[in-house]
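Summary of structural features
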Amino acid sequence: METLLIFVPCALYNEEPGLLYGMIQETKEEHVKSYFIIGKVPGENRRVKSKHKQCNVVGYYYKESLPTTYSVKQNRPTDWLLLGLHGCEFILHETSNGCDLRDMSKPRQTVFIIYDHHKFMQSEFLLQSSEYNSSMYGDHFKMLANKLHSENIVFKSEDHTFSTFIFNNIIMRNIIQIFLFVLNFLLNCVHFMNPVLKYTTLGLHLQMFLRSLIWVLQSSVGKEKLSVKVGNYVVAIIVDVCSGLLLLYWLIALKSSPTALLLESGEVVVRSLRELLHWLMGIPAGLKLNYAFNNMLGRFFLYHINLWWTFLVVAKPLLEVTFHIFLCLGRLGLTFQASILADLLALVSFHIYCIYVYAARLYNLQVSGLVALWRLFLGRKRNPLRGRVDSCQYSPDQLFVGTLAFTILLFLLPTTFMYYIVFTSLRLVVIGLGGLLTRVRYVLQCLPLYVSTLWLLRSTAISSTIHLTVRVRETEGPLLLSVQPVSGSWWKTVHYCMPEPVHPPPKVEWGNLIRSLVSGKLIYPV
């Protein structure tokens, strides 16, 4: 049995008789024929097809009774609907090639689906939603929303006056093109300096910010209003700039200069590291380490700390100029200030990173040597060509040298491990702060303030799914369904509004992180 789906706009309840236009979709495999009624034109003017190029005349609509002036002898297409309204209930008839009227409620399974075309056109996320893909009517509603959206664009373009057309299509386009030219020029300048800026958080954030502004302008070309996604990003930028200005005025109100604060912070870090190294060069936590090796490592690391502090003192004038430039960029928002803070954190803790690299490399070398020498006692060795461990016969001289090397590495390992665990902990603290600043920047860029307000107000603009209800009929007849676009969950609604140029920070791979800590491999920012 063939199923007939008829999508009827609720506006027909208050409309006068006339021709119905829309589209017909037929699925022979599922025996489903769908009539998408988009609207109605008064009278029997068949030229409606030329006005709405993407739609065809699909039938005629009347109220209460069929008019006597209605002619059934005219040549009409096979799929022709005669839709009537009796009371508050629709009745369907069909004429086939000018034949007599036939009641379609008996030979076919007919389903009327009443929808509100205004809510479907206002929804921006209905086509993106996948919540109802598995439902029986999922593809039909997507097709209906797409058709209504395209027809709405056609209607608006036809209704525009000459002055409105000039303003929207010429003046606004030229203004947007000028801004796009300026932003593209700045982005090209940033790309030219990318070999240097790619190592700074501020440079990477500046590139992303310029791409986001270009995306906003390109999304606004030829549009009467901003989309929800673009509007949410614009509100996030406004909140970001306002909060950044408030924080910047508070920093400027401080008595000491920002460069002096930076040097004071660096001096505190250097003094703390010196005290920590002197503690490690003694008997840390009552552990008796190798004196000569411990003293050599301590002096080596103290030299790097003193060298870095000397560099900060000598580069103080350059740091003042750089910091003033940073303050100018900091007026662009709190996200820029977070990027500047991340770069300053990396600058102040650079000597910690150097010491961590030395300790990690030394620890990894000793652990790898102990593992390789342990295979020597078992009569095995690793075959790098085949990527496996094979059996091997060793001579007495090789066993003696291997035993001696294993003993030396084993007894030096506690000293190396002490330095490794201390400076790895400091490295994890610095990486954790940097990762926190990265995620704060991402949250500020995607702040869902605007879309959350729309979600609380149950706005139809963020409808992402549909709700079907069965309407009770007073008399026997086809099944009558009412459909309403509704908002999905808050999290999915926020997910739809993520700006396209802003990419989320990478997820922390805890398994790889733990394996790197155990084996002594370098860990990188997250």
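The shown structure was predicted, so the numbers you read here are calculated from the model rather than taken from an experiment.

**Looking at the packing of aromatic side chains**
The final tally for this structure, using the stated rule, is 16 aromatic pairs. Residues Tyr-363 and Phe-417 carry aromatic rings whose centres are separated by 5.9 Å and whose planes lie at 45 degrees to one another, so their mutual orientation is tilted. Of this pair, Tyr-363 sits in helix H12 (residues 350–377) while Phe-417 sits in helix H13 (residues 396–445); the two residues are 54 residues apart in sequence, bridging distant segments of the chain. Judged by relative accessible area, which is 9%, Tyr-363 ranks as buried.

**Things to note about the packing of helix H9 (residues 291–314) against helix H10 (residues 316–330)**
The N-to-C vectors of H9 and H10 enclose an angle of 65 degrees; their axes lie 5 Å apart at closest approach. Here Leu-312, Val-313 and Val-314 of H9 come into contact with H10, specifically with Lys-316, Pro-317 and Leu-319.

**What about the pattern of salt bridges?**
Applying the stated rule across the entire model yields two salt bridges. A salt bridge links Arg-271 to Glu-267; the nearest nitrogen and oxygen atoms lie 3.5 Å apart. Placement of the pair is Arg-271 and Glu-267 together in helix H8 (residues 258–281), with a separation of four residues, close to one helical turn.

**Details of unusual backbone geometry**
With a phi close to 55 degrees, Arg-458 is a non-glycine residue in the positive phi region. Residue placement: Arg-458 occurs in the loop between helix H14 (449–456) and strand E11 (463–470). On the basis of relative accessibility, which here comes to 54%, the residue Arg-458 falls in the exposed class.

**Side note on the nonpolar core**
Counting 39 residues, the largest nonpolar core has Phe-125, Leu-210, Val-228, Tyr-233, Val-451, Ile-462 and Val-502 as its most contacted members. Elements supplying a minimum of two residues to this core: helix H4 (162–192), helix H6 (201–220), helix H7 (228–252), H10, helix H11 (334–348), H14 and helix H15 (490–496). The element that contributes the greatest number of residues to this core is H6, accounting for nine residues. Every residue in contact with Leu-210, bar those within four places of it in the chain, is listed here: Leu-183, Leu-186, Leu-187 and Val-190. Counting residues in each nonpolar core, the second largest holds 19 residues, with Leu-5, Val-111, Leu-148 and Ile-466 among its members.

**Considerations on the pairing of strand E9 (residues 380–383)**
Note that E9 and strand E10 (residues 388–391) share four bridges and pair antiparallel. Across the sheet, Lys-381 pairs through a bridge with Asp-390, a residue of E10. A loop of four residues connects E9 with E10, the two strands running antiparallel in sequence, and Gly-387 in this loop sits at a positive phi of about 70 degrees.

**Quick word on the packing of H7 against H11**
It is the contact of H7 with H11, at a shortest axis distance of 7 Å, that shows an interaxial angle of 55 degrees. Taken together, the axes of H7 and H11 are oblique relative to one another. Of the residues in H11, those touching H7 at Asp-240, Ser-243, Gly-244, Leu-245, Leu-247 and Leu-248 are Leu-334, Thr-335 and Gln-337. In the contact of H7 with H11, the residues fall into four nonpolar, four polar and one charged.

**Observations concerning the side chain of Ser-34**
Its location among the elements puts Ser-34 in strand E3 (residues 32–42). Ignoring any residue separated from it by four or fewer positions in sequence, one finds Ser-34 in contact with Leu-5, Phe-7, Met-23, Ile-24, Gln-25 and His-140.

**Observations regarding the side chain of Gln-366**
Within the secondary structure, Gln-366 sits in helix H12. According to the relative accessible area criterion, Gln-366 is buried, its value standing at 4%. At 3.1 Å, the side chain of Gln-366 forms a polar contact with the side chain of Thr-416. In this structure Gln-366 touches Phe-293, Leu-409, Leu-412, Leu-413 and Thr-416, once residues within four positions along its chain are discounted.

**Quick look at H14**
Along an α-helix, a turn takes 3.6 residues, which lines up residues three or four apart on a common side. Those residues of H14 that sit buried are Val-451, Ser-452, Leu-454 and Trp-455. Buried residues in H14, looked at end-on, bunch into an arc of 160 degrees, giving them a common side. If you follow the buried residues of H14, they end up packed against H7, strand E12 (479–487) and H15. One or two positions beyond H14, positive phi appears at Arg-458, with a value near 55 degrees.

**Brief notes about the confidence of the model for the protein**
Overall, the predicted model of the protein reaches an average pLDDT of 78, with 81% of residues at or above 70. The weakest mean pLDDT in the protein belongs to helix H1 (residues 48–51) at 44; the strongest belongs to H14 at 91. The low-confidence segment residues 95–106 (pLDDT under 50) makes 25 contacts with residues lying over four places distant or belonging to another chain. Confidence drops under a pLDDT of 50 for residues 153–163, and excluding neighbours within four residues, the segment shows six contacts in the predicted structure.

**Re the pairing of E12**
For strand E8 (residues 109–115) and E12, the ladder comprises four bridges, and the chain directions are parallel. Counted as the bridge partner of Phe-112 is Leu-480 from E12. Judged from the seven bridges that link them, E11 and E12 form a sheet pairing that is antiparallel. Bridge assignment links Leu-468 to a residue of E12, and that residue is Val-483.

The rules behind each value
- Residues numbered from 1 in each chain as written.
- Predicted model: local features only at pLDDT ≥ 70, side-chain atom pairs only at ≥ 80, totals over all residues.
- Heavy atoms only, no water.
- Phe/Tyr/Trp six-rings, centres within 6.5 Å; stacked < 30°, edge-to-face > 60°.
- Helix = DSSP H or I, 4+ residues; strand = E, 2+ residues; numbered from the N terminus.
- Buried < 20%, exposed > 50% of the residue type's maximum accessible area, 1.4 Å probe, protein only.
- Axes fitted to C-alpha atoms, helices over the stretch in contact; angles between N-to-C directions.
- Contact = heavy atoms within 4.5 Å.
- Salt bridge = Lys/Arg side-chain N within 4 Å of Asp/Glu carboxyl O.
- Core = buried A, V, L, I, M, F, W, Y, C linked by side-chain atoms within 4.5 Å.
- Pairing = 2+ DSSP bridges.
- Parallel < 35°, antiparallel > 145°, perpendicular 65-115°, else oblique.
- Nonpolar A, V, L, I, M, F, W, Y, C, P; charged D, E, K, R; others polar.
- Polar contact = N/O pair within 3.5 Å; in protein donor to acceptor, adjacent residues only side chain to side chain.
- Arc of directions from axis to C-beta.
- pLDDT = per-residue confidence, 0-100.

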